[in-house]
Amino acid sequence: MARLLSSVSDERKRLLLGVGLALVTVFMTATIAAVGKHLSGMGVHVSTIVVAQYAISFLLTLPGLLRSGLGSLHTQRPAMHLLRGLGGVVCFYCYFIALSKISLLEATLLRNSAPLMVPLLIFLTLRERVPKRSLLPLVVGFAGVILVLRPGFSVLTIWHLVGLFAGIGLAVSMISTRLLASTEPGSRILFYYFAISLAVSIPFFLWQGGEVPPEAYGWLLYMGVVMYLCFVLYTWAYRLVSASALSPTSYFGVVFGGLLDWLVWHLVPDRLTVIGISLVILGGVLVVSGRDSAKT
């Protein structure tokens, strides 16, 4: 009995630690978004923001590469790494563009609609049928997205749709990461992600980057370092807790985004937006719960 209680206690500790790390990561990600919105207000181009965070994160992966050697980069799945990198670039470009035009809360919500996109993208690309248990959560979640976008209402802008494309890019990245994780170690996935994303981002930076105000360099450094730490912390969290248990924590990013919107930009969401956010969170949690129960 004591041994059983000990194992339960250890499992609970792993759960609390894993969820705690995930929540810290989500909060740090929200601060990255807030800094990106602030930099856009300073006139820093989105391409500069994206290339800076990828360049800094890529440099931080190099010490680990030196320790493990170039042989650790050998992969049989270059196309899948390329797909993940492209999905990430689309996500961040669209996300930071949306952040410069709409509220932090709305942009974060639309980006975090990614778990709702995953079953549909899997159906379209891999021809895997959407489980019946996921249909109602998907309807609930997308009803929330529609309430936030409000098509036909005067508040709908092209920038809301750009934010939605950030969610699609993130969903592509999530699916490709899941497929890569079956054969590739985390360090290799991380290296190729930053390397490919940086390579794709540099031409856009050279074309559109423009001048960077001296006061922006510290913020850009913050974004790159914190983004790398987020990936590291989330990897640790996944080693402790299942993906299905961690996925709902991503929706706290919407809460943190709303708080930062209120504290920094003094923006308060209206009633329809709050209802829409609640439906998206509910739909995403139900989708994840459905997958988890199907495995048990």
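Summarised in this report is the structure supplied together with it.

So, how was this worked out
Residues numbered from 1 in each chain as written. Predicted model: local features only at pLDDT ≥ 70, side-chain atom pairs only at ≥ 80, totals over all residues. Heavy atoms only, no water. Phe/Tyr/Trp six-rings, centres within 6.5 Å; stacked < 30°, edge-to-face > 60°. Helix = DSSP H or I, 4+ residues; strand = E, 2+ residues; numbered from the N terminus. Buried < 20%, exposed > 50% of the residue type's maximum accessible area, 1.4 Å probe, protein only. Axes fitted to C-alpha atoms, helices over the stretch in contact; angles between N-to-C directions. Parallel < 35°, antiparallel > 145°, perpendicular 65-115°, else oblique. Left-handed = near helix turned anticlockwise from the far one by under 90°. Contact = heavy atoms within 4.5 Å. Nonpolar A, V, L, I, M, F, W, Y, C, P; charged D, E, K, R; others polar.

## Details of the packing of aromatic side chains
A full pass over the atoms with the stated rule returns 11 aromatic pairs. Summarising the aromatic geometry, the rings of Phe 92 and Phe 96 are spaced 5.9 Å apart at their centres and angled 20 degrees between planes, so their arrangement reads as stacked. One end of the pair, Phe 92, and the other, Phe 96, are both in helix α3 (residues 78–101), four residues apart, so they sit about a helical turn from each other. On the accessibility criterion, Phe 96 (1% relative accessible area) is buried.

## Quick look at unusual backbone geometry
Despite not being glycine, His 266 has its phi angle at roughly 60 degrees, a positive value. By the element assignment, His 266 lies in the loop between α11 (252–265) and α12 (271–295). Overall, His 266 belongs to the exposed group, its relative accessible area being 63%.

## Side note on the packing of α3 against helix α8 (residues 186–208)
Where α3 contacts α8, the axes come no closer than 8 Å and their chain directions differ by 55 degrees. As far as their axial angle goes, α8 and α3 are oblique. For the element pair α3 and α8, the recorded crossing hand is right-handed. Residues His 81, Leu 82, Arg 84, Gly 85, Leu 86, Gly 88, Val 89, Phe 92 and Tyr 93 of α3 touch α8, and the partners they reach there are Arg 188, Ile 189, Tyr 192, Tyr 193, Ile 196, Ser 197, Val 200, Ser 201 and Phe 204. Tallied by class, the residues present in the contact of α3 with α8 amount to 11 nonpolar, five polar and two charged.

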